[in-house]
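# A closer look at the structure
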Amino acid sequence: MLQHANNPVDWQPWNEESLLKAKRLNKPIFLSIGYSTCHWCHVMAKESFENPTVAELLNAFFIPIKVDREERPDIDQFYMEFVQAFTGQGGWPLNVWLTPNLEPFFGGTYFPLESKWGKPGFIDILKKIAELWQSNRSLLEQQGEEILLKMKEAINSSIETQSPPNLTIAAKKAVEQLWASFDRIHGGFSPPPKFPRPSLFYFLFRAGSSSDFSLEYKEKSLQMALFSLQKMSCGGIHDQLEGGFHRYSVDAQWRLPHFEKMLYDQATLGYSYIEAYQITQDPLFKETSLCLFEYLFSHLHSDSGGFYSAEDADSLNALGQEEEGAYYLWTMKELEESLEPIGDKNIIEKLLQFFGATPQGNLPQGSITEEGLREKNILYLATTLPILAEQLSMSLEETKNLVAKAKAMLKKTRINRSRPFLDDKIICSWNGYCLSSLSKAYMVFEDKRLVEEAKKTASFLLDNLWDPENQTLYRIYRHGRGTIGGFSTDYASVAVGLLHLFEADQDEKWLSLARQFQEILEEKFRDPYRHTYLTKAVESSAKSIESREEYDGAEPATISLSAHSLLKLYSMTGEEKWRQRLEELFKLCWPMLERFPTALPYFLAVYNEYRSPRVEIIIVGEKENAHTRQLFHTLSRLFIPNRILLVLDPKEKVPALLKSADFYGSLTAQYRDQPSIYICADNQCQLAQSDVSKALEILKPFTVFFSASSYRPS
């Protein structure tokens, strides 16, 4: 609404007043859904919503309503399902025509102002719908009523199956389907455009440790994930100068991205790269992770705490015109001038080859339509550091320093350009993902700043988006708390994030809060029909549209996040109600996963974890003791899927919420000045260890490690 405030279109918000107005005036609703950093939303806004003819038609014959999909994912999801069924595809901008009773009867995504590319023109569509509404309104109303009824039936129905629940079969099928679609040259699981889907990596890493799988399945699973992450890290989809990932790649090679940067991608991909580092100890994955977090701190971080939602794809070019990728693209001349202080032309030439730059530009042919982009370059890693070192007759360390110096020079040039627009909304669930990735990053990389930022983010959410009196989370913060209540994904992601923060910080309050948010999720969002979760609270869903999230896409579905939270809560507290609810979800999801095993890879990953031996690592020692901290980080670097790691300080009371609190108390009573490691795995507890190497040997059978020289599957 803020971005479109100056449009001649009389945009209304989605609220009771606007919806009643449509009924009172008996006008159809034109619903336009987008988000602030959406490139094609900007294109349609300039072409159509700033056009006086379009504004005249919309204002005269429709009630135009504008919705931000990030604020109202429930509305977006519901009408996206209609458009996908109606047209066979979806995306943003999402444009839907509704009856005053909110029944959709026509819709699509981007419409050009006038007919072209085989798409009908927006003006022609508006005129035709306005004419039909006047001449044959009952037909449109009947069509909308029938569509809405079918959508509600689909939402409230369940998939029938005759076979008993067996998610192990679904997990194996998922690996097989991913292997069949896997790009063995460039990584990823689809033809272009290629969207990163971090839930797949989360699943494949756990499939790589599953005792239910053969060695071949395990190896394939790890290779698919690691090879894809390696290729993405080296591609143009990864910002080689300032870190972080763009939304998606328009080509198969991960080279030319759609340039917007979303917070949820940074948080969930950051988690993937941390796990890739745990499994391989590959410096590429560590550097990618740390640079990503540096990008978050530098460009998406709010001074008051929390992280902003996105940076736009468009920015002003040298001529002062808005252009997609203007901030990120280079001519050869710009690159050479920026690196000129290096002095040696041969070194500069080799560095530019390393970054894939050419005088004629390196954007994939067939992927660009704007003439001005034809001689532009996107920076990517065209070769490896060892090859560059050999070309320059330098040591590997000298080459690393040279590349770092070159990146600093290029960054210095780039930061003087017009920066892309910042969407400064702080979204609850996306910050929940940040809690998880920052906490895990601290445990693995030892940088104290990471856990401090995680705690600062948690405090921001609790102080600004949590109403303890009404037991309500809110969705958005921007210059104050918004009015929209949180959705199921907000509660689930914050619960999971707080559980990760408890492991990183070992403060019981985070465990207690996570437990509280999970209880609210079960109480307010449990679906009365299918017993999974509604997007919106049951009480408010009954008054409006209903939707569910049962697909792990760019973001994980509520049901997957909840399963993760339930497993961790059960592992930590031992409360049977969490295990029972988790097993209920496994049974409820079987019919869908039997038919569509890759729909919920994160959920299947939680199932694989649940099936894995549960490993408890308890360090007894003073938390501020350097040796205790060293043990904590050394053991955190291991990739053990179903593991909890506790630090029990003999000077502190054992957290009452933990299962076996009396047993843990007996361990602290035995403390004798030196930290000790206790390991319980597969229902067997080992003797205390003070030597970390012996502890690592005990944990070896449960640890996933991939040591091959190449991740490319054979």
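Being a predicted model, the structure only gives us computed values, none of them experimental.

## Some details on the overall build of the chain
Scanning the chain for helices and strands turns up 26 helices and 19 strands. In terms of overall dimensions, the chain is globule-like: its C-alpha atoms have a radius of gyration of 27 Å, near the 27 Å expected for 714 residues. Taking the principal axes of its C-alpha atoms as reference, the chain extends roughly 85 × 70 × 50 Å. Looking at the chain as a whole, 59% of its 714 residues qualify as buried. Counting only contacts in the chain whose residues sit at least 6 apart along the sequence, the fraction spanning at least 24 positions is 71%.

## Quick look at the state of the cysteines
Scanning the entire structure with this criterion turns up two disulfides. The disulfide partner of Cys-38 is Cys-41, and the S-S distance across this bridge is 2.3 Å. Torsion about the S-S bond of the Cys-38 and Cys-41 cystine: about 80 degrees, corresponding to right-handed handedness. The residues Cys-38 and Cys-41 share a single accessibility class, namely buried. Across the disulfide from Cys-680 sits Cys-685; the S-S distance is 2.1 Å. Because the torsion about its S-S bond is 105 degrees, the bridge between Cys-680 and Cys-685 counts as right-handed. Since its relative accessible area comes to 10%, Cys-680 is described here as buried. Taken N- to C-terminal, the disulfide-bonded cysteines of the chain are connected 1-2, 3-4.

## As for helix H25 (residues 661-669)
Taken as a whole, H25 has its buried residues at Tyr-664, Leu-667 and Thr-668. Buried residues of H25, viewed axially, fall in a sector of 95 degrees; they line one side. Projecting away from the buried face of H25 at angles above 90 degrees are the exposed residues Asp-662 and Ala-669. Packed against the buried residues of H25 are strand E16 (615-620), strand E17 (643-648) and strand E18 (676-681).

## Brief notes about unusual backbone geometry
Along the chain, Trp-92 connects to Pro-93 via a cis peptide bond; the corresponding omega equals 5 degrees. Along the chain, Pro-93 falls in the loop between helix H4 (73-87) and strand E3 (94-98). Of note, the bond from Pro-192 into Pro-193 is cis; its omega dihedral lies within 30 degrees of zero at 0 degrees. Along the chain, Pro-193 falls in the loop between helix H7 (167-181) and helix H8 (198-207). For Trp-254, which is not a glycine, the phi torsion comes out positive at approximately 65 degrees. Within the fold, Trp-254 resides in the loop between strand E5 (248-249) and strand E6 (257-258).

## What about the nonpolar core?
Membership of the largest hydrophobic core comes to 150 residues, with the highest contact counts inside it found for Phe-203, Phe-205, Leu-226, Phe-293, Leu-498, Phe-517 and Phe-603. The biggest single contributor to this core is helix H16 (residues 428-445), with eleven residues. Those residues in contact with Phe-205, other than ones at most four positions away along the chain, are Leu-222, Ala-225, Leu-226, Leu-229, Ser-272, Glu-275, Ala-276, Ile-279 and Phe-639.

## Brief notes about empty space enclosed by the protein
Applying the stated rule across the entire model yields three cavities of 30 Å³ or more. A volume near 270 Å³ is recorded for the largest cavity. Secondary-structure elements contributing two or more residues to the lining of the largest cavity are H8, helix H10 (263-280), H16, helix H18 (488-505), helix H21 (558-573) and E17. Of all the elements, H21 adds the most residues to the lining of the largest cavity, at four residues. Classifying every residue of the lining of the largest cavity by side-chain character gives ten nonpolar, six polar and seven charged. Space inside the second largest cavity adds up to approximately 220 Å³. Lining the second largest cavity are 23 residues, and of these Tyr-202, Thr-268, Tyr-271, Pro-556 and Tyr-602 sit closest to its centre. Among the elements of the structure, H8, H10, H16, H18 and H21 are those that each provide at least two residues to the lining of the second largest cavity.

## Considerations on the sheet that holds strand E7 (residues 261-262)
Taken together, the three strands give an open sheet; going across it, the order is E7-E8-E11, and neighbouring strands pair in antiparallel fashion. On the outer flanks of this sheet lie E7 and strand E11 (422-423), each paired with one strand and no other. Pairing between E7 and strand E8 (residues 310-311): two bridges, direction antiparallel. By the bridge assignment, Met-262 is partnered in E8 with Ala-310.

## Description of the sheet that holds E16
In spatial order, the strands read E17-E16-E18-E19; together these four strands make up an open sheet with mixed pairing. Edge positions in the sheet fall to E17 and strand E19 (684-685), since each of these pairs with one other strand and no more. Examined bridge by bridge, E16 and E17 share six bridges and lie parallel to one another. Residue pairing across strands places Val-615 opposite Arg-643, the latter belonging to E17. Strand contacts of H25: E16, E17 and E18, with the helix running at about 35 degrees to E16, the strand carrying the most contacts.

## A closer look at the pairing of strand E1 (residues 29-34)
Judged by how many residues are buried, E1 sits mostly within the fold: six of six residues are covered. Strand direction decides the pairing type here: E1 and E3, joined by five bridges, are antiparallel. If you follow Ser-32 over to E3, its bridge partner there is Asn-95.

## Observations concerning the environment of Pro-613
Along the chain, Pro-613 turns up in the loop between helix H23 (601-611) and E16. Overall, Pro-613 belongs to the partly exposed group, its relative accessible area being 31%. In this structure the C-alpha to C-alpha distance between Pro-613 and Ala-326, which are 287 residues apart in sequence, comes to 50 Å. Not counting residues up to four positions away in its chain, the partners in contact with Pro-613 are Asn-642, Asp-682 and Phe-702.

## A look at the packing of H7 against helix H9 (residues 215-234)
Running from N to C, H7 and H9 point in directions that differ by 50 degrees, and their axes come no closer than 11 Å. In terms of axis orientation, H7 runs oblique to H9. Helix-helix and strand crossings are classified by hand; for H7 and H9 the assignment is left-handed. Of the residues in H9, those in contact with Lys-172, Val-175, Glu-176, Leu-178 and Trp-179 of H7 are Tyr-217, Lys-220, Ser-221 and Met-224. Among the residues forming the contact of H7 with H9, the class breakdown is five nonpolar, one polar and three charged.

## Observations concerning the pattern of salt bridges
Applying the stated rule across the entire model yields 42 salt bridges. Between Arg-247 and Asp-265 there is a salt bridge; the shortest N-O distance is 3.1 Å. Here Asp-265 lies in helix H10 and Arg-247 lies in the loop between H9 and E5, a separation of 18 residues in the sequence. According to the relative accessible area criterion, Arg-247 is buried, its value standing at 8%. Put simply, Asp-239, Glu-242, Lys-261, Glu-311, Arg-414 and Arg-419 are held in one network by salt bridges that share partners.

## Some words on H21
For H21, spanning 16 residues, the distance from its first C-alpha to its last is 22 Å, which sits close to the expected 22 Å at 1.5 Å a residue. Along H21, 16 of the 16 residues are buried, which leaves the element largely enclosed by surrounding structure.

The rules behind the values
Residues numbered from 1 in each chain as written. Predicted model: local features only at pLDDT ≥ 70, side-chain atom pairs only at ≥ 80, totals over all residues. Heavy atoms only, no water. Helix = DSSP H or I, 4+ residues; strand = E, 2+ residues; numbered from the N terminus. Rg over C-alpha atoms; globule rule 2.2 N^0.38 Å. Buried < 20%, exposed > 50% of the residue type's maximum accessible area, 1.4 Å probe, protein only. Contact = heavy atoms within 4.5 Å. Disulfide = S-S within 2.5 Å. Arc of directions from axis to C-beta. Core = buried A, V, L, I, M, F, W, Y, C linked by side-chain atoms within 4.5 Å. 1 Å grid on protein atoms, 1.4 Å probe; cavity = no way out; pocket = protein on both sides within 12 Å on 5 of 7 lines; lining within 4 Å. Points joined across faces, edges and corners; volume = space filled by probe spheres on them. Nonpolar A, V, L, I, M, F, W, Y, C, P; charged D, E, K, R; others polar. Pairing = 2+ DSSP bridges. Axes fitted to C-alpha atoms, helices over the stretch in contact; angles between N-to-C directions. Parallel < 35°, antiparallel > 145°, perpendicular 65-115°, else oblique. Left-handed = near helix turned anticlockwise from the far one by under 90°. Salt bridge = Lys/Arg side-chain N within 4 Å of Asp/Glu carboxyl O. Expected span 1.5 Å × (residues − 1).

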